[in-house]
Amino acid sequence: MKGQFKLYCEYIHCCGKKVLELGEADTEKMAKEWIQDQIKKKKRPRLPKNDLIRTCPVSHCPAKLQIPRYDYRKTAV
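A quick note: this is a predicted structure, and the numbers were derived from the prediction, not measured.

A. Just the packing of aromatic side chains, in detail. Enumeration over the complete set of coordinates arrives at two aromatic pairs. Ring centres 5.6 Å apart and planes at 80° place the aromatic pair F5 and Y72 in the edge-to-face group. Of the two residues, F5 is situated in strand β1 (residues 5-13) and Y72 in strand β3 (residues 69-74); the sequence distance between them amounts to 67 residues. The class of Y72 is buried, set by a relative accessible area of 17%.

As structure tokens, then:
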């Protein structure tokens, strides 16, 4: 069974906003707990090799050091 909520992280980058889907949760409570867990860890998710943050040529780009914003969205029924 697919989860009812999709889990995301979002980065604001010099080239624009990047939203990555990181998984699914079955309940809204689980989604909220996942967000809190990510915030407590203060750890960035593993990004794809071609992600803007990895390939940005700006040497002092603040996006390379930021902690993403985590969120969830209800999936379409």
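B. Looking closely at a positive patch on the surface. Together, K43, R44, R46, K49 and R54 line one region of the surface with positive charge. Position of K43 among the secondary structure elements: in the loop between α1 (28-41) and α2 (52-55). A relative accessible area of 57% means that K43 is categorised as exposed.

C. View of α1. When the terminal C-alpha atoms of α1 are compared, their 20 Å separation across 14 residues agrees well with the 20 Å that a helix rising 1.5 Å per residue should span. Within the span of α1, buried status applies to A31, W34, I35 and Q38. Buried residues of α1, viewed axially, fall in a sector of 100°; they line one side. Seen from the buried face of α1, the exposed residues on the opposite side, beyond 90 degrees, are K29 and K40. Its buried side turned inward, α1 meets β1, β2 (16-25) and β3. Positive phi shows up at K42, right after α1, with a value of about 50°.

Cut-offs and rules
Residues numbered from 1 in each chain as written. Predicted model: local features only at pLDDT ≥ 70, side-chain atom pairs only at ≥ 80, totals over all residues. Heavy atoms only, no water. Phe/Tyr/Trp six-rings, centres within 6.5 Å; stacked < 30°, edge-to-face > 60°. Helix = DSSP H or I, 4+ residues; strand = E, 2+ residues; numbered from the N terminus. Buried < 20%, exposed > 50% of the residue type's maximum accessible area, 1.4 Å probe, protein only. Patch = residues over 30% accessible without salt bridge, like charges linked within 9 Å, V, L, I, M, F, W, Y side chains within 5 Å. Areas by Shrake-Rupley, 256 points an atom, 1.4 Å probe, with all protein chains shown as cover. Salt bridge = Lys/Arg side-chain N within 4 Å of Asp/Glu carboxyl O. Lys, Arg positive; Asp, Glu negative; His and termini not counted. Charge placed at Lys NZ, Arg CZ, Asp CG, Glu CD. Expected span 1.5 Å × (residues − 1). Arc of directions from axis to C-beta. Contact = heavy atoms within 4.5 Å.

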